[in-house]
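Observations on the model geometry
Here's the letter readout for the chains.
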Amino acid sequence: QVQLVESGGGLVQAGGSLRLSCAASGRTFGLYTAAWFRQAPGKERELVAAIIRFVGTTYYSDSVKGRFTISRDNAKNTVYLQMNNLEPEDTAVYYCAASQASQVLLRTTGYEYWGQGTQVTVSS
């Protein structure tokens, strides 16, 4: 079992930055592919970024490419999402997820563990 806890969300003006953290407990987080999803009101949960276990290959959705960076610190059992140049369209609840797959899974299916989510609100 892996428990994931997100933190770092908040209210920021457009153009600002936030760094989300996802701390894992229960097992070594580095054994898992980690991902950040987001869900805005009335919309489906969508993949934002992912980092594949062991190799560290990263994936970004087109909407955040060049603005967001996913990284992990295995010593701290934590994955981060650095979000720069935030836009109002980035407003959503952001979820951390973990999968034992050695590839990026674009849909929520296949991610065995989820955090509770952290709210990110970007004002214009």
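The structure we're discussing is the one just above.
These lines cover the structure that appears in this document, whether it is placed above or below. (Residues numbered from 1 in each chain as written. Predicted model: local features only at pLDDT ≥ 70, side-chain atom pairs only at ≥ 80, totals over all residues. Heavy atoms only, no water.)

Description of the packing of aromatic side chains
Counted by the stated rule, this structure contains four aromatic pairs. Each ring, one from Phe37 and one from Trp114, has its centre 5.1 Å from the other, and the planes form 55°; the classification is tilted. Residue Phe37 is located in strand 4 (residues 33-39), and its partner Trp114 is located in strand 10 (residues 113-114); the two are separated by 77 residues in the primary sequence. Chaining the aromatic ring pairs together yields one cluster made of Phe37, Tyr111 and Trp114. Here Arg45 stacks its cationic end above the ring of Tyr95, 3.7 Å away from the centre of that ring. Positioned over the ring face of Phe29 is Arg72, at 5.4 Å from the centre of the ring. (Phe/Tyr/Trp six-rings, centres within 6.5 Å; stacked < 30°, edge-to-face > 60°. Helix = DSSP H or I, 4+ residues; strand = E, 2+ residues; numbered from the N terminus. Lys NZ or Arg CZ within 6 Å of the ring centre and 35° of its normal.)

What about the environment of Ser25?
Among the structural elements, Ser25 can be located in strand 3 (residues 18-25). Overall, the relative accessible area of 36% leaves Ser25 in the partly exposed class. Each C-alpha atom of the pair Ser25 and Gln1 lies 8.5 Å from the other, and the pair is 24 residues apart in sequence. Discounting chain neighbours no more than four positions away, the residues touching Ser25 are Gln1, Val2, Gln3 and Asn77. (Buried < 20%, exposed > 50% of the residue type's maximum accessible area, 1.4 Å probe, protein only. Contact = heavy atoms within 4.5 Å.)

Considerations on the state of the cysteines
One covalent bond between the sulfur atoms of two cysteine residues makes up a disulfide. Applying the stated rule across the entire model yields one disulfide. A disulfide bridge connects Cys22 with Cys96, and the sulfur atoms are separated by 2.1 Å. Its S-S torsion of about -80° marks the bond between Cys22 and Cys96 as left-handed, since a negative value means left-handed. Taken as a pair, Cys22 in strand 3 and Cys96 in strand 9 (residues 92-99) lie far apart in primary sequence, 74 residues in all. Each member of the pair, Cys22 together with Cys96, is buried. (Disulfide = S-S within 2.5 Å.)

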